[in-house]
Every structure is written in structure tokens, then in C-alpha cells.
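Structure assessment
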Amino acid sequence: MAARRRSRRRSGSNVASNTSSKRRKDESVFSDELLPAETSSMTSLLAKFSCRLSQTGKRRNELGLDQVVFQRQLHTSLKQHSDYPQVVQEFSEQLQDYFTDPERFKCCLLPTIVPENGNVSARVGNQDSLVRLLLGVDSLQPDLVAILLEKLPEFSDDDKGPGGVNIASLVMAQLRWLDHIVKSKELASKTMEVLSVLSLNAQRDVISALPEVVVDSEHSDIATGLKDLMTENVDLTASVIDALTNLNVDMKLICEIRESVLKILPSARLEDLPVAIRFIQQSVTSNNALEVISQLREMLDFGSVLLPAATSTPANVAAYGVAVTGDRPSSERTSEFQTVEMIRGGIRFQKYIADAWMKAIESIETAADHKAIDILVLLILHSNTGRQKAIESQFRVKVKSGAFSEELVASVFSSHSRIMHEYFPSILVLSDVLLRSPDPSVSSFASTLYRHAFTSFDGYCQQEVVGSLVTHIGSGYPTEIDAALDVLTNLVENCSSTMAPYAVFLKGILDYLDALTLPQIRKLFGMLSWLAVESPRNVSMIQDDMHIIIRKQLSSTSKKYKRIGVIGAVMIVKGLARKRTVPPHLVAAESQAVSHTSHSLSADMYKQVVSLLELVKRCNVQYPEIAALFFDELADVMQTGGGLDLKVQSWISDSVVADFQDSFLVDTETSLPNEPLPLHRAHGLDDGGEVVLNLTPLLQSEASSDRTQSETSGSMASSAMCLGPQFRLLRVCEACQNNGSLDGVDALLGCPVVLCKDDVFGRFETLPAEHQRLVCSSLFHTINWFLEVINAFSTQDNTEMRGKVLVRLKSIIGLQFQLSRCLAAMPTYTPPLAHFDADSFEVADGVGISTDRHVRKGVKKGRPRKKTGVDKGGSLDSSEMLEKDTAGGEASVTLDSWRDHFRELDLDVFKVLSYTGIARKIVDTESHTKEVSVLQLGHFELQFLLQDLKLKLNFSLRKKGIRPGLKGRTGSTVGFSRLSAYRSQSVVVKVMELMPALCGHLEDVTTYFQGVLAENDSIIDCPVDNQEKWHTMCICYQLIFEIFHSLFTWCGLSSIENRPILKRMLSSLSDRGSGSSDTHIKSGSIQELSRLAFTYLEQFSTSVPRLSVSVTLTQLLAAIADKSQTSELKPLVGTMASSVLKREWPEIQNEKAGRLAEWLLPLVRYHITFAEDPVSIIEAIGGEGFPQLMEEDALASKLYPTLTRTTCGSFYRSAMEELVRALKVDGPCKKTALVEERLDRLLELDIIVRVFHILVNIVKSFDARGLLSCALKFGRSFLETFLRFGMPVLEGVFKTNKDDVQALLKNLQQSTRCLQHFCGHSKVAKDIQLVNHVPALKKSLEAFVFHVKALLAIHNCQEAFWLGNLKNRTIHGEEVASQSQVSIATSEAFSQPEDAQDDNDADPEQPESEDENGDGQEHSPQLYGRYVHALISV
């Protein structure tokens, strides 16, 4: 041992001698830049352990020992020093003095270097900095930490220290990951104290390093301080959130921090949003995901970049509202892209976050509350597999409700085109699905997506968009084809140069023309001709192909292909010869003459147009229906789109319609034949007229010679079929060439028509069949002639012409009356064509309608077929509501079924509604005024115009197609060809101009009924003298309200673009109510105008004669209340509905059940929904109304006279629907809800459950199939809603209100038992419709049972729950024999003997038995699982 100690001493002395010798050598090689060791005690102490400091800071500090050895020896030296701990204080002070020089301080923060002759044990290259090494010495660490943190403010003003080095970052790097922190609390508090006085960049550096500096025990205090700092300075949001993410804090503090982050989101910088959103999504749990995501969605706004629909619109909008985003900073685009990517990451990796986003967006009901982020999130969700169907359904619901507007889509594409480009596949799929929807609003939304995708994205995406639209054209579904063609037409007209490269896609459709209708073919040729003219270089070959196809089709012997050829040729003429307007800047730059010359039709193009028109004439001379189509198409082209070039118009006038007079007119002196039928000149309005319409002789000639002469005459207009179309083209040419004046053809307005004498109609049934056909054809052609005359002259300002137009309108009514009696006697008659652009199957559909089953002497003939374009969205069919008895008990049919065979009225015709009393002078033979009569619109004429206007609005604004799953034609477009050329917005504007006139007629009708009520002591159903007029006025009343309802329910009114239209419509009504048209009223807010309009219309409720009219008026008031942007008017709608329901109406006992249900359903819903307490109204219906109806000999309820055994289904259905809605109005209570809120919600649930039990028990008394079906359907909805919104409330209050929860569950238990009996009754009755509801209802019953079991288990009340079998019973409680019993495998599920279970089952009113989903029969476990019966006894 002694020898070993001696050897150690020798080895130690040798090491010491070696160290001293090396030190001397080192001193000899140290540079002059190093500080001498004798400078201070600090330097000498450091030099003692081979550490030399830089004198100027330009050279690194040197360390000749290994850093671990250096720290250990320095620590030992200080601890063993005789002046300890003063030596530590002295060392720290000298070190602080050394740090005074910034260069020296920076050098101490940089790694030390090992000298070349350093200790071999030292690490090669660099070692830790001097500061880092000294921090490893426990005795020096507290003072050194304080020195370092106090030095930070010195470098706060400059982001960079000496040499461009970030001093703050270097200082915090020294404090990171220290092996041991002596005073951790002081370190944390000192850091937070210094942090408040640093510059922004220095603060970020310090904050980012905090998680690696402080120990875990101080994380909570640090997190609290950072939260406050972030609230004070939003610029630190990203750094603070990054630091908070790495801190270990409890959940309560995390929630507080998350709330703070959510509050500062609206003011946060765009580049900070990704970090904030990541933190928020990472901090949520499945329990609070919905609440947090809802707050995130509400607070999230990309500054001024993301444009919420409620607050702003795109600032720089180009075509389709797409703004140019190229000038935006790339940093903004990158930040918003990263933000969306953060949302996408949370959605992809956490299912409950995706569900929360879905529910948060679904809960938004108004368009003003939706933001562009909603569209982006839904696209993210759609891009994830498994959610496509749900997202597509969500889009449909939002679009139908008006929550997603086209402005919102435009703002997303304009501000976030890069993000949208990332989700282009989802956009394309979504557009494909939505375009197939039969709902016009959904299809229009898909069209908007297509248009913006085409105009916002690159060439690849544009090609995909065009290819997708072409695919839709080949789908075979008419609504889908029309929508795709409309989108392509819009793109061609507005982006012709961009669409030109893709014209080959459109050309490929020409090979499949057989699958398209004529209107669709017109759109296709219109697009191709437009591209051929606007971009001739790109599509010259397509233009040649079009000419070849058209010539081939015109030369065909098939009328079908000739029609296609005519339409194609006319559309090419339109493209080549249309008038071109000169841009304003060109007009200012060029002279007028040069401008006119440059934009007129060239000689070569004019020759091409004329040759094409001559080809059409030459090929169709033998086919009157093709010639008529040619006339109509030319007239349409000249009327719309700016018209044709003047030279082409002149050629058409000279060559196409010049032979009109020779074909159809004769002199008044021409004798009339009396064989085979006696003829006379009828309906003449001009005394001394020179021309007569030779109609009936022309029809006789056609019938006798089979048009042999017309086939060889070379005239296109030799058939009566061409009369209306050629006159239309004639008057269009006249108006175009004379600035709208028709003075040149005014003789045709009053010229008589050659028709059969009146006695022919008296013996019509005795005439031969060919003579009957002649009479019917003459009436059809005469009516169509008068319709075209009214179309032509209704727009003229001449008073005399207006008077004649009114007379012609009266003539139409009389002729239709005669025609209806003739058609009743000849049910197999085939009328002449009136519309020539319809497909053959559409024309044949209205031809030869057999009414033999319905036609009987002395009675009305049958019910008319369902009319084209009738609205099914709540507006009532007034033509079927009331039917007139014909005079003298003669047989007649309504002409609604034959509407397709009458010429279409133009929208301008309805200016007749604004005609006031027109004086008409009757002169004698000496031209003296004999009598002056006042012409005005009669009630029959008013009904005729209003009915046509309503159909036009239904077609244009609320047109419905068939479901996408069914191929075939949609609502027929026959009779609406001219209307199809107008956009919905244009139709609304035109009808809006008629609103003052309609209000005048509405007031006149009201005055009439007020007079009738005054004469009959306010008795509604009292017989009147003129019953026919009373019925007609009822129809007019109904139609005016329906027209207003169609206008105010137009989906386009929710658009910001159409907001002025809404204000003008409301102003038209409010002006009538106020009796003036003051400027301050027109400039008022929508809320004020809505209130005045509502007040004006509400006054008509007291004079309404029929229930159906009251329903339409209430629906109109509800529509105005919905557009008022306030809830002030909705209670008034509920009061109005209540008064209607509590009023006795004669129709209740006479009308069919289906029609009554259609009327009463909306009324009951308004009555409940708009009430102050909807649940109390439902309770009154179920607790008072239905029991009164159950009384013996009761025909109706005393509380609600409209509630009868016929209408009880409507009341019951509406009550159940609104009860389910009331259950989820407030939603589930939040986790942070107060105790008072939970108790109030529990009380509401108790009332709702009690009312539900009342409604379910009603079915037992009535035993009606309709009520039973509603109970099964809405019983399931009620249970599912209760589980979603009610059970969380019960869980929250179970501990404090156990008795109340028990009573609620027992009450609901009785209702579920009744539902179980309904399921058994449905199977016994073997009613398929009822049985279809059973599986889903039983599944909900089973879910309810196990939710209750889980509730009891959570609160340690398992003994209060047991399972058993439930016997099948009928609706009246009678036991039904089961095929087998349900086996229960769980033995512990039964805690009572079997006889106790049977006793419970035998007593259906026992309050402690809970129904189970079993029906006593075996079922597949994969479908229904194991059905059980639960008894609750808490």
C-alpha cells in the first residue's frame, strides 16, 4: 500500500511537472491578442486551468483542457478557496466588467478553441463557449444568469450585435439544456421580467428558447406569463404559441390559453395563423371539439384577404367576379395556404375535429353568417375519403336554403385561387354531382363553380372543365344537358378566345345530335357559330364542318333533320350577321364614318348569309311546319341579341315575308262560299276595312287538295300553319326598320277573319267528322292569330290600338269558350301545331287526348291533365281550384290540356294589365260620333293574363326537373321557347314593373268581395247573383298572390347583386300601402320597406273568400318576413296563420283530403314555428284540439274549426315535425354552462317529453294510417334528437336532480312502449309502408335503452336497470302471438323473476317499464342486434 501511494505521488509530481512545462510552452506561443493572466484574479484563475481570454474580442477564447475537466477543477478551486464565497462574488464582478466590451461579450458567447499545443485530453476543434462552461459551475451560475439576462436589453435596440451576430439568440443558447439549474424559480421570474423590455425580435428569440431553458416545475408560471404577454402584443402570437406547445401545463391552463388565442385571432397577423390554428386543434378533445371549432370558425379571418360574405365583397372583380390575385404578396399567399394546410392536417388526423367542422358549418343557417372558410373546409373534407356523400348533401342543403351564394363562391375564387387550385379535383367532382340536381338553385350553383374554375385556373384545369361539361351533355338527362350547355354558352360568349382551343370538344357533340332536343341543338350551334366568328383562325375547320352538316341535313327528306338544319343555319346567320356595337374607346378615337364602315357586314359575308338563307327556303318549300320553324327562328334572332345587320333585315323583308298578303289576305269584296259550311266575316274592328284574313277557305283548300298546289307553287307560306310564324316575322321586320312602329301593318289588328257562322256551333255534334275537324282547326288558328296580333300591338302607345288589343283579348276568351264545347264533342281531334321547335314526342303528347271516359251530357268533362310548368313548391294550382259550369248545362272541357297548341304570349303583352279605361268612339254612317264606350280589362281577360303570367314565372323562376335517377323528359318547354331566351333576372325585372298594375287589380278584386260580404252580412259561402263572376274573381285573387309569392321566393333575391331588385319590389307594395311614392320610402332600408309591404298585404286577409287564397296570402307574407332580415314580422305571420286555422271555411267539408293537406301543412307550421312558445301551441293542438274532435258527433274541433277527421293528419304531422325541431333548437348544453342553464334546459325537456307522450297517445284513439305512419317516422326522429341533445343534459344534472331525471325517463318510457306497440301493429297489418319504418325505429329504441343504462352505470346505479322480454301488442294493447321468443344470453341481465316480467308486460301503463326494441320475432343480428326490454326504477 505504501509503495502504491509513493508511485501515485511520483506520477502526480510528474503530471504537475509536465503541466507546468506545457504551460510555459503555451505562454510562449500565446498571441498578444489574449489577455495576460495577471490582469485580474478572474483571469489568473482561468489561466490556472488553461483558459486564456481574448483581449480585444476579435480572437476566440482558448481552452487547453477538456471542458469537463475545466468545469470540475474550477468548481473545486472556488469551493476550496480561502475567501469563499467572496471569491465567487469577486469573480462575477470581474466577469461583468469584462463583458462591458461588446466584442469581448460576443467572444465569450462563441465556442472556445483548443490551442495547437493544448492538453492531449482536450477535445479536438471547438468546445463550449466560456459562458456555457461557467454556467456549468454551480457556484457561478446564479450570478452569471443574472448578468446575462441584464445584458439582453443592451442589445435590444439592435437586432444584430457586433459583426451582425444575434446576441439575444446566443445568450439564450447558453441557457438551453443546462445539466443543472441552481435557482430555477429565479431564472424563470428574471427571464419574464427582462422579456417585457426587449425589442420584438429579441422577445421572439427569448420566448422560443424558454421551453428549453426553464425546468418543468416552472412551466405553469411561464405559460401564464406568456399568455398575458401574447394578449398585450399580438405580434408575439406565433412565438408564444410555439413555446406553449412545448410546455408541460395542465389542461385547465391549456383551456385558458386557448381562449386567449381564440380572442386574438381576428387581429393576428396572417403569418401567425398557421401556428395558432395548429395549437388550437391540438389542444381540443372529443368532448369540447364542437365548441372550440365553432369559436375558431367564428374568430378565424385571414385579415383583409379572406372576405366574409357578410362584411365585404371582392374589391377587384373581373368577369364572373374573379379578381386578379397576381399582384398580392407571395408571403400572404404562402401564409394563407399554410393556414388551410393546418386545418387540413387536423381534419385528416383527428376524426372528431372533422366531425366538429362539419357540425359547426351545418349549424349556420343564414347567408350573412357564412364565410369563405366554410367553402374551403368543406372542400378539405370532401377531399378525404369517406365523406364525399355527406359533403355533397351539405352543399345541396346550403344552396337550397340560400346560405351559399354565388358571391361567396366568387370571393373564395378571387382571394384564394391558389388554395382552390389545390382542391380542383374535389371542385370538379362536386360540380359534376350538383349539376345533376333537378333543383334549379343547386344546378345554378354548380354552373358557378364550373365558370370560376375555368376562368381562375390553368389550361389543364380548363380542359378538364370543358371535358366534364361535354360528358354531362352525353348523359341523357335533359336538365343536366341544359345546364351544361348553359355553362358552355356563357363561357363561349364571355371567354371566346380562351374557349377557342377547346372548340374541338364542342365539335365532337355534332356526331350525337340525335340525342339532343331542338332547343339544345340551338344552343350548340349558337356556341360553334360564335366561336367561328370571334376566333376564325382557331376554328376555321369547325366552321366548314358546320356548313357541311347543315347542308346535308337540309337536303334530307326527314323532317327531323330538316329542323336541325334550319336551326343550325339560322344560328350561323346570327353569328355572321349580328349587329356589332362599337366600344366607347373606339368611338372616341375614330370618326363616325370609319367606325361604321369597319363594323358593317362585308360583301363576302353578306353573300354567304344570303346564300345560306336561300338554301333554307329552297329546301323547305314543301314542308309548312319546317317553314314555320324557319320564320320563328328568324324572328327570334332579329328580336334578341341586338338583331341582325340592316342589309340582312332588308333582304328578309323583301324575300321571306313579302308574300304574306298574297297567301293569307283577300279583299273585303271577295265573295265567300257557303259550302260545305256557311262562312262570314267575323271579329272585324275597322269600319270600311280593305283586307280580310282568308282563314277558313284556306283550311278547306288544304283539306280537299292535300296541299297539292302548295307543293308545286314554290311558296313557303301556302299553309295556315305558317300564318302565325310568318306574321310574327313580318311585324318584327317592320318594327326593326321603323324604330318599333307598326303603323305599316296596323290594318291587320282590326281586320275580320273568315269563319263559320254561329249557327254551325249550335249543330256541331251533327256535323260530319271532317267538318268538325275544320271548325276546330279554324278556331285554333283564329285564337293563335289573335294571340300573335296581341303580341305585336300590345307594346304600341296608340290609344286606338290599345283599345283594339283589349277587344282582341275578349275575342280570344269567347273563342276559347266555343272551342271547349267543340272539343268535348270530338275527343279524338288532333289540333294543328303551334310550336315548331318541339320534339315530335312532345308535340304528340298533347294531341288526340281521349276524354270519352269523362264526357257526359250535362256535366263538366273530366279533370284536366296536369299542366306544364305548374309549381310544386308551395304555390297552389288555381285553375284546378275552381271550375266553371258551362251555360245551359252543355258539355265542355277545360283547355289547360291543350295549352301546347296555342301560340306563346310575349312578356311585353302583360303591359295590358296596366291599361286604364280606354274610350272607344262608335261613329255612324256620316262619321259622326254615335256613342262613346269605355274599354277596360274584364275579369275573364284578367284571369287569362294572370294564369299565363303565373305559368311563365313558374317555368322561369322555379322550374323543376325529374330526379337524376330517371331518364326522360323534364317539364315540357313547349310554349316557353321565347321565355327561355330570358334570364331569370330579366323576367323578374319585367314582372316587377307590373307590380303597381297588379296591386291595382288586387284592390279592385278586394273591393268586389267586400261588397259581396256587405250584401250578405259577412257570410262567406252565401250564394251570389253572378256565381260565375264570383268564381273568376276568386281565381284572380289567388293568381295575383301566387305571382307575388313566386317573385318573393325567387332564389336569386338572396344574391347581393339582386338586392336592388328586392328593394324595388318592396317599394312597389309599400307605396300602395302608404298612398304615395315618396323618395324617402324608396330609399328606406329593407327592414322598413318589408314592414310597410307586409302591412299593405295584411289588410287583404279580412276579405279573402276561400281557404286556398288565405293560404297563398299567408305564404306570401311569410316570404316577405323572411326577406326582411329581421324577426319582427314572423310573429305576425304566426298570428295570421292562427286566425286562418281558427276560422270556418266551406272547403273543409267539400274539398279532397290531398288538397286540404297541401293547404293546411304550411299554415300549421307557421302557426307553431312563429309562435312565442311553439311547444305550448303543440300542446294545445294535442291536448285540446284532438280531444274535442274525439267527442261524439263532433265534425270539427272547437278550438280549430279546420281540424277535422279529414285534416287531422296535417295537424299531427306538423305538430310532430315542429316538436322535433323544438327539441334541438337550443342544442346541448355546453360543458361550461351554469347550473341555472342546465336546470332550465331540463325543465324544457320535461315539457317536450310530456307533449310527445300526448301526441303518441292520440294515435290510439284515431287509429288512422296517416297518423300511425307519422308516429313511426317522427318517433324515431324524436328519439335520435333526444339522444343527441337531451341525454347530455340529463348526464349533467343527474347527481343534483335525480328525481326529476327519473320522472322524465318514466314519462318517455310510456311513449316508447306505445311506439313498440305501433311496430307490432304494423307487422300484423302487413302494411309495407308502415313496416318500412319499423327497423329504424327499433334501432333508435335500442339505442335509447343502452344510453339510459350507460347513464345509470356512470352514476353507480346499475342495480336500477334490468333487462327482460317484451310481448308484442297491437295499437290497442292486445297481445299478439309471437313466432318465437327473443333469447337473452346475459344471465345477470335479469334481476327479477320471470313472473314479474310478465306482470309488467301485462300492464302497459306501469310507470317503471321501459320499452325495448324486440318484437318477439327472430331477426338477423347483423341488422337489428339483440332486442331487450329495460325496466328503470331509480
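Examining the overall build of the protein
Per the secondary structure count, the protein includes 65 helices and 13 strands. When each of the 1434 residues of the protein is scored for burial, the buried share is 54%. Counting contacts in the protein only where the partners sit at least 6 residues apart, residues at least 24 apart contribute 75% of the total. Put simply, the protein shows about 62000 Å² of open surface, and 49% of that area lies on carbon and sulfur atoms.

Some thoughts on helix α54 (residues 1130-1141)
Helix length check: α54 (12 residues) gives 17 Å between terminal C-alpha atoms against 16 Å at 1.5 Å per residue, within 8%. Check the buried side of α54 and you find it contacts α52 (1086-1098), α53 (1107-1123), α56 (1153-1169) and α58 (1208-1223).

Here we look at the nonpolar core
Within the largest apolar cluster, 422 residues are counted, with the highest numbers of intra-cluster contacts made by L226, I652, W785 and L913. Look past the residues within four positions of L226 in its chain and what remains in contact with it is M192, L195, I207, L210, V240, A243, L244 and L247.

Re the pattern of salt bridges
Counted according to the given criterion, the structure contains 47 salt bridges. Close ionic contact of E103 with K106 constitutes a salt bridge, the shortest N to O distance being 3.4 Å. Of the two residues, E103 and K106 are both situated in helix α5 (residues 102-109); the distance of three residues between them amounts to about one turn of the helix. By relative accessible area, which is 25% here, E103 ends up partly exposed. Between E625 and K559 there is a salt bridge, with its nearest N and O atoms 2.2 Å apart. Note that E625 is positioned in helix α34 (residues 624-639) and K559 in helix α30 (residues 559-577), a separation of 66 residues in sequence. Residue class for K559 comes out partly exposed when judged on its relative accessible area of 39%.

Quick notes on a negative patch on the surface
The grouping of D83, E90, E93, D97 and D143 at the surface amounts to a negative patch. With three residues, the single largest contributor to the negative patch is helix α4 (residues 86-98). The topology assignment puts D143 in helix α7 (residues 141-151). A residue is classified by how much of its surface remains accessible, and D143, at 35% relative accessible area, is partly exposed.

Things to note about the side chain of S1311
Assignment of secondary structure puts S1311 in helix α61 (residues 1298-1325). Separated by 3.1 Å, the side chains of S1311 and H1253 make a polar contact. With residues up to four places along the chain from it excluded, the contact list for S1311 reads F1252, H1253 and V1256.

Regarding the packing of aromatic side chains
For the coordinates displayed, the defined rule picks out 29 aromatic pairs. Where F660 meets F727, the ring centres are 6.2 Å apart and the plane angle is 40°; that geometry is what we call tilted. Placement of F660 in helix α36 (residues 660-664) and of F727 in helix α39 (residues 723-737) is noted, with a sequence separation of 67 residues between them. The buried category is assigned to F660, whose relative accessible area is 3%. Arranged with centres 6.0 Å apart and planes meeting at 20°, the rings of F780 and Y829 form a pair that is stacked. Residue F780 is located in helix α42 (residues 769-793), and its partner Y829 is located in the loop between α43 (799-825) and α44 (840-845); the two are separated by 49 residues in the primary sequence. Each member of the pair, F780 together with Y829, is buried. Of the aromatic side chains, those joined through ring pairs into one cluster are Y1008, F1009, W1030, Y1037, F1041, Y1096 and F1100. K151 extends its terminal NZ or CZ atom over the ring of F105, reaching a point 5.2 Å from the ring centre.

Here we look at unusual backbone geometry
The phi angle of most residues is negative, glycine excepted, and most peptide bonds adopt the trans form. Its identity as a non-glycine residue notwithstanding, W177 has a phi of 50°, on the positive side. Tracing the backbone shows W177 in the loop between α8 (167-175) and α9 (184-195).

Thoughts on helix α11 (residues 219-232)
Side chains that are three or four residues apart share a direction in an α-helix, a result of its 3.6 residues per turn. In this model α11 runs 20 Å from its N-terminal to its C-terminal C-alpha over 14 residues, within 8% of the 20 Å that 1.5 Å per residue would give. Taken together, the buried positions of α11 are occupied by H219, I222, A223, L226, K227, L229 and M230. Here the buried residues of α11 occupy an arc of 165° about the axis, which is enough to place them on one side. On its buried side, α11 packs onto α9, α10 (200-213), α12 (237-245) and α13 (251-264).

Description of empty space enclosed by the protein
Gaps left between atoms show up when a probe the size of a water molecule is rolled over them. Tallied over the full model, the rule gives eight cavities of 30 Å³ or more. Taken as a whole, the largest cavity spans an internal volume of roughly 110 Å³. Examining the composition of the lining of the largest cavity, we find that four residues originate from one element, α34, more than from any other. By volume, the second largest cavity is sized at about 80 Å³. Residue lining of the second largest cavity: A720, M721, L723, G724, P725, H781, N784, W785, L833, A834, F836 and R903, and that is the complete set. Secondary-structure elements contributing two or more residues to the lining of the second largest cavity are α39 and α42. Taken together, the residues of the lining of the second largest cavity sort by class into eight nonpolar, three polar and one charged.

Observations concerning the packing of helix α50 (residues 1059-1074) against α52
At a minimum axis distance of 8 Å, the contact between α50 and α52 shows a crossing angle of 45°. Here α52 runs oblique to α50, going by the angle between their axes. At the point where α50 passes α52, the crossing takes the left-handed sense. Facing α50, whose interface residues are R1059, L1062, K1063, L1066, S1067, L1069, S1070, R1072 and G1073, α52 presents I1086, L1089, S1090, L1092, A1093, Y1096 and L1097. Along the lines of polarity and charge, the residues of the contact of α50 with α52 split into nine nonpolar, four polar and three charged.

Cut-offs used in this document
- Residues numbered from 1 in each chain as written.
- Predicted model: local features only at pLDDT ≥ 70, side-chain atom pairs only at ≥ 80, totals over all residues.
- Heavy atoms only, no water.
- Helix = DSSP H or I, 4+ residues; strand = E, 2+ residues; numbered from the N terminus.
- Buried < 20%, exposed > 50% of the residue type's maximum accessible area, 1.4 Å probe, protein only.
- Contact = heavy atoms within 4.5 Å.
- Areas by Shrake-Rupley, 256 points an atom, 1.4 Å probe, with all protein chains shown as cover.
- Expected span 1.5 Å × (residues − 1).
- Core = buried A, V, L, I, M, F, W, Y, C linked by side-chain atoms within 4.5 Å.
- Salt bridge = Lys/Arg side-chain N within 4 Å of Asp/Glu carboxyl O.
- Patch = residues over 30% accessible without salt bridge, like charges linked within 9 Å, V, L, I, M, F, W, Y side chains within 5 Å.
- Lys, Arg positive; Asp, Glu negative; His and termini not counted.
- Charge placed at Lys NZ, Arg CZ, Asp CG, Glu CD.
- Polar contact = N/O pair within 3.5 Å; in protein donor to acceptor, adjacent residues only side chain to side chain.
- Phe/Tyr/Trp six-rings, centres within 6.5 Å; stacked < 30°, edge-to-face > 60°.
- Lys NZ or Arg CZ within 6 Å of the ring centre and 35° of its normal.
- Arc of directions from axis to C-beta.
- 1 Å grid on protein atoms, 1.4 Å probe; cavity = no way out; pocket = protein on both sides within 12 Å on 5 of 7 lines; lining within 4 Å.
- Points joined across faces, edges and corners; volume = space filled by probe spheres on them.
- Nonpolar A, V, L, I, M, F, W, Y, C, P; charged D, E, K, R; others polar.
- Axes fitted to C-alpha atoms, helices over the stretch in contact; angles between N-to-C directions.
- Parallel < 35°, antiparallel > 145°, perpendicular 65-115°, else oblique.
- Left-handed = near helix turned anticlockwise from the far one by under 90°.

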